[in-house]
Structure formats: C-alpha cells, structure tokens
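Below are the chains, spelled out letter by letter.
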Amino acid sequence: MADMGNLWEDLRKQARQLENEIDLKLVSFSKLGTNYSSHIDYGNESAPLINKSSSEHMFDTMAMEIEQLLSKLQDVNDRMSDYTQNISMSSPSAALLHTLQRHRDILQDYSHEFHKTKANISAIREREDLLGSVRRDISAYKNSSGLNRRTDMYLKEHDHIRSIAIATKENLQSQRKVLGTITQKMNSLANRFPLINTLMQKINLRKRRDTIILASVIATCVIILLLYAFH
C-alpha cells in the first residue's frame, strides 16, 4: 500500500511540474502573439511587417513544445485516473477524486488557452501575408506602366478576336438553319419524285465538303489572328 501511495505522490509531482512548465510556455506564447500585433506597421508601406523567418520559426517551435507538454500532462492524468480505479477493491477516497479532477481542469484550461492563442497568432500571420501580397502587387503595378500598356493592348486584341469568333459562330448557325430548311424541302421533293434522289445525294456530299472547307478556313484565320496577337 505504501508503494501505491508513493506512486500517487510521484504522479502528482510530475503533474505539477508539467503544469508549471506549460504555464511559463503559455506566458511566452501569449507575448509572442502580442509582439506579432505590435510590430505590424499598417501605415508604412516601405517597412517590413515583421521578421518573418525568425518569428515563424519561434512560433512553430513554441507551439510544438507546448503540444508535447500537454500530451505528457494528459498521459500523467490518465495514469492518475487508472490509479484511482486500481488502488483497492473499494471506491477511491473523495480527496483523490477531487485532486484528479483539479488536474484535469488545469489541463483543460491550458489546452483551451493554447489553442486560442495559436488561432489568434495564425490569424495575424494570414492577415500579414495578405497585406504583404497586396503591397507587392501595388509596387509591381507602379513599376510596370509599360507592361500594363502592353497588357491593355493584348486585352483589346483578345476582345477583337473574341468578337470575330462570335460573329463567325452566329453566321455558321444561320447558314446551318438555312441549309436545314433547304434539306428538308429537298427531302420532301425526293420522296415525291424518286428521280431526284440521286441529285439529293450529290448535293449532300457537296454540302459536307463545303462545310469542311469553310470550317478549315475559319480555323486557319483564328490561329493566324492568335499568333499575330501574342507575337
């Protein structure tokens, strides 16, 4: 029984030690989040937002260390819970259960504080990345007036080619409707006059050939226009 008592005291000692380490880490982790906010200069476009490489490395390192400590504390709490269930055949004392519950509450509070601080810092980092991206885009825009003019020219050329393609498509659709009407009438005549059937077949063959030729010419023109626009 004495050994069991020593085990309990040893577990409590481990839990208190881990809780103290986590508490100190969380204080530093919280200060890191404050530093993220205070070092961001939203009004000065020429100043860097923060020293990203060192800050991000510190954030990732501290987060990993705290997660490891929380995992260890969870393991100690589980061992304390097993102890209260296995010390004897009788129910554990109220004092043991109260102590176990207090350590569980501390673990829960630390976990909640850690995840909240981590989420806040992650949000600040994402906002920082977005602002940095916007500033880089603005700077690139200011320094690329010539490129912008060329881009505008390409856009206008693209719109022109698109207009030609739309007009060609509408023209083909119109011709298809006309040819469909003529074909329907010719089929009707062919049914009434079997001698016209041979003539209809020849007309259909020539129509398909003309359609293929027209499509080839249009495709060639579009390709030439595209090569000219992006040359």
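Just so you know, the residues in each chain are numbered from 1, in the order the chain's sequence is written. Where totals are concerned, whole chains, interfaces and linings use all residues; where local detail is concerned, this predicted model gives features only for residues with pLDDT of at least 70, and gives and counts side-chain atom pairs only at 80 or more. The side-chain values count all of the structure's non-hydrogen atoms but skip hydrogen atoms and water molecules.

If you look the chain up in an unreviewed UniProt entry, it shows as Golgi SNAP receptor complex member 1 from Mytilus edulis. UniProt positions are given in the numbering used here, feature names are shortened, and annotations may be inferred rather than shown by experiment. Comment text from UniProt for the chain, heading Subunit (unreviewed entry), reads "Component of several multiprotein Golgi SNARE complexes."

Draft legend 1. Geometry of the overall build of the chain. When you go through the chain residue by residue, the secondary structure sums to 5 helices and 0 strands. Secondary structure elements are defined from DSSP: runs of H or I of at least 4 residues count as helices, runs of E of at least 2 residues count as strands, and each element is numbered from the N terminus. When the elements of the chain are put in sequence order from the N terminus, they spell out α-α-α-α-α. Working definition: with a 1.4 Å probe on protein chains only, accessible area under 20% of the residue-type maximum means buried, over 50% means exposed, and in between means partly exposed. The buried share of the chain, reckoned over its 231 residues, is 22%. By definition in these notes, contact holds between two residues if any of their heavy atoms fall within 4.5 Å. Taking as baseline every contact in the chain between residues at least 6 positions apart, the subset at least 24 positions apart corresponds to 79%. For the chain, the accessible surface area stands at approximately 16,600 Å², while carbon and sulfur atoms represent 57% of it. Each accessible area is a Shrake-Rupley estimate made with a 1.4 Å probe; only the visible protein chains count as cover when residues are assessed.

Draft legend 2. Representation of the nonpolar core within the structure. To form a nonpolar core, buried Ala, Val, Leu, Ile, Met, Phe, Trp, Tyr and Cys residues must be joined to one another through side-chain atoms within 4.5 Å. The biggest cluster of nonpolar side chains holds 26 residues, and the ones touching the most others in it are Ile-22, Phe-29, Leu-70, Met-80 and Phe-114. Secondary-structure elements contributing two or more residues to this core are helix 1 (2-38), helix 2 (52-86) and helix 3 (94-142). Once residues within four sequence positions are removed from consideration, Phe-114 is found in contact with Leu-26, Phe-29, Ala-63, Ile-66, Glu-67 and Leu-70.

Draft legend 3. Structural context of the pattern of salt bridges. Take a side-chain nitrogen of Lys or Arg and a carboxyl oxygen of Asp or Glu: if they are within 4 Å of each other, that pair is a salt bridge. A full pass over the atoms with the stated rule returns 2 salt bridges. For Glu-65, the salt bridge goes to Lys-25, with nearest N and O atoms at 2.7 Å. Taken together, the positions of Glu-65 in helix 2 and Lys-25 in helix 1 put the pair 40 residues apart, joining distant regions of the chain. The partly exposed category is assigned to Lys-25, whose relative accessible area is 30%. Between Lys-118 and Glu-67 there is a salt bridge whose closest N-O contact spans 3.0 Å. Of the two residues, Lys-118 sits in helix 3 while Glu-67 sits in helix 2, which places them 51 residues apart along the sequence.

Draft legend 4. Highlighting the packing of aromatic side chains. Centres within 6.5 Å make a pair out of two Phe, Tyr or Trp rings, where for Trp the six-membered ring is used; the pair is then stacked when the planes are under 30 degrees apart, edge-to-face when over 60, and tilted otherwise. If you walk through the whole model with that rule in mind, you get 3 aromatic pairs. Note on Phe-29 and Phe-114: the rings are 5.6 Å apart at their centroids and 35° apart in plane angle, and the pair reads as tilted. Of this pair, Phe-29 sits in helix 1 while Phe-114 is found in helix 3, placing the two residues 85 residues apart along the sequence. For the residue pair Phe-29 and Phe-114, the accessibility class agrees, reading buried in each case. One aromatic cluster is present, formed by Phe-29, Phe-59 and Phe-114 through successive ring pairs.

Draft legend 5. Summary view of the side chain of Thr-117. Following the sequence through the fold, Thr-117 ends up in helix 3. Residue Thr-117 is classed as buried on the basis of its relative accessible area of 13%. Excluding anything up to four places from it in sequence, Thr-117 contacts Phe-29 and Ser-30.

Draft legend 6. Main features of the environment of Ile-161. Of note, Ile-161 is situated in helix 4 (residues 145-192). In this structure Ile-161 comes out as buried when scored by relative accessible area, which is 9%. Taking the C-alpha atoms as reference, Ile-161 lies 7.1 Å from Leu-225; in sequence the two are 64 residues apart.

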